Amino acid sequence: MGTIGIAGAGAWGTALANAAAAAGNDVILWMRSPEQATALAATRANERCLPGVKLHARIRPTSDLAELASTQAVLLVTPAQTTREMTVALSHVLPPETPMVLCAKGIERESQAFLCDVAEAVRPGSAIAVLSGPSFAHDVARGLPTAVTLACRDAALAEELANALSGPTLRVYHRGDVRGVEIGGAAKNVLAIACGAVVGHGLGESAKAALIARGFAELLRFARAYGGEAETLMGLSGLGDLVLTCSSAQSRNFAFGQRLGQGMSVEEAAGGKLVEGAATASALVALARAKNIDMPISEAVDQILSGAWTLDQAVDALMNRPIKSEH
């Protein structure tokens, strides 16, 4: 596409910048701090977020958001709960025709709005896409084989963006089901917390497998109710991402749940770091209740995070639900 803008230079933003550059694009990588942008330009290494990974030569760090105005597309790679703030800021500098790709996975907590809806409300008429799938920043940054999904309602643009971002080790599939892709990314974070808690509490591999399967059933029910396609959820941005984040302590959500399972408080388990699933849980459950969608695992996570239930109480509640047909 020429030049890709990346708004956000955390681990995921830096990894995507490296991948976009490796795919043949010039990349402008924006970060808030002028001092950190200068340091990154000099050292070519984001040691704070991705130790040991060198910045691609085609990446130019900056702290001036206005520099993204010259790009052909902007990837927004900041936390989910900052999507509205960042989209407003970008709307002041980006031409209306510049597509924006949302790379955070979550639901806005205050409004209970999907991130795509938040961005479209701020930039009406502009193209909004969503990038999601099973991907750890360190894997992508190190050039390990990874596949993700990009969704946009404009099918031609979705294909163009997917081709532009696909490189030697990052394969980007494209779909038109924006809602399904963003639901898969948001809901799996909540379920990953539950899986981590199962492991941390020593409940066994059988319990973890059952939770992943029944959690996926919840995810499908929710997605269907909100206009997502079941086929989307069977792919990378649903099942693929769920399996990855529910199986590895590299997932911040899983690791957070694991510490909860070991008896830490919510604050101790978070350790001062952002946990997207914890921020999303209450909004996900509220949206499910609004449409009478049965999501007992997500409900249990929300109850634990709010302090209403202990982990043992959550397990008892789940195991003593009425017996019913699996489907």
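Residues numbered from 1 in each chain as written. Predicted model: local features only at pLDDT ≥ 70, side-chain atom pairs only at ≥ 80, totals over all residues. Heavy atoms only, no water.

- In the annotation of an unreviewed UniProt entry, the chain is listed under the name Glycerol-3-phosphate dehydrogenase [NAD(P)+] and assigned to Microvirga aerilata.
- As its UniProt record puts it under Sequence similarities (unreviewed entry), the chain is described as follows: "Belongs to the NAD-dependent glycerol-3-phosphate dehydrogenase family."
- The UniProt entry for the chain carries the following comment under Subcellular location (unreviewed entry): "Cytoplasm". (UniProt positions renumbered as here; feature names shortened; annotations may be inferred.)

**Description of the UniProt feature "domain: Glycerol-3-phosphate dehydrogenase NAD-dependent C-terminal" (unreviewed entry) in the chain**
- Under the feature "domain: Glycerol-3-phosphate dehydrogenase NAD-dependent C-terminal" (unreviewed entry), the UniProt entry names residues 177-315.
- The distance separating the terminal C-alpha atoms of residues 177-315 is 34 Å; by composition the span is 75% helix and 0% strand. (Helix = DSSP H or I, 4+ residues; strand = E, 2+ residues; numbered from the N terminus.)

**So, the UniProt feature "binding site: substrate" (unreviewed entry) in the chain**
- In this numbering, the UniProt entry assigns the feature "binding site: substrate" (unreviewed entry) to K105, R252 and N253. In sequence the annotated residues extend across 149 residues, while in space they remain close, none of their C-alpha pairs exceeding 12.5 Å.
- Examined against the element boundaries, R252 turns out to sit in helix α11 (residues 252-261).
- Overall, the relative accessible area of 43% leaves R252 in the partly exposed class.
- Relative to the helices and strands, N253 resides in helix α11. (Buried < 20%, exposed > 50% of the residue type's maximum accessible area, 1.4 Å probe, protein only.)

**Notes on the environment of I293**
- Mapped onto the fold, I293 is located in the loop between α13 (276-290) and α14 (296-306).
- In sequence terms I293 and E218 are 75 residues apart; their C-alpha atoms lie 8.2 Å from each other.
- Contact partners of I293, with chain neighbours within four places excluded, come to R221, F222, A225, Y226 and A288. (Contact = heavy atoms within 4.5 Å.)

**A word on the sheet that holds strand β8 (residues 128-132)**
- Spatially, β3-β2-β1-β4-β5-β8-β9-β10 is the arrangement adopted by the eight strands of the open sheet, whose pairing is mixed. Each of the sheet's edge strands pairs with one partner strand only, and the pair in question is β3 (59-62) and β10 (170-175). Between one strand and the next, the sheet's axes are offset by a mean angle of 25 degrees, whatever the strand orientation.
- Pairing geometry for strand β1 (residues 3-7) and strand β4 (residues 73-76), over four bridges, is parallel. Its bridge partner being in β4, I4 is matched across the sheet by A73.
- In the packing of helix α3 (residues 83-91) onto the sheet, contacts are made with β1, β2 (26-30), β4 and β5 (100-102), and the angle to β4 comes to roughly 155 degrees. (Pairing = 2+ DSSP bridges. Axes fitted to C-alpha atoms, helices over the stretch in contact; angles between N-to-C directions.)

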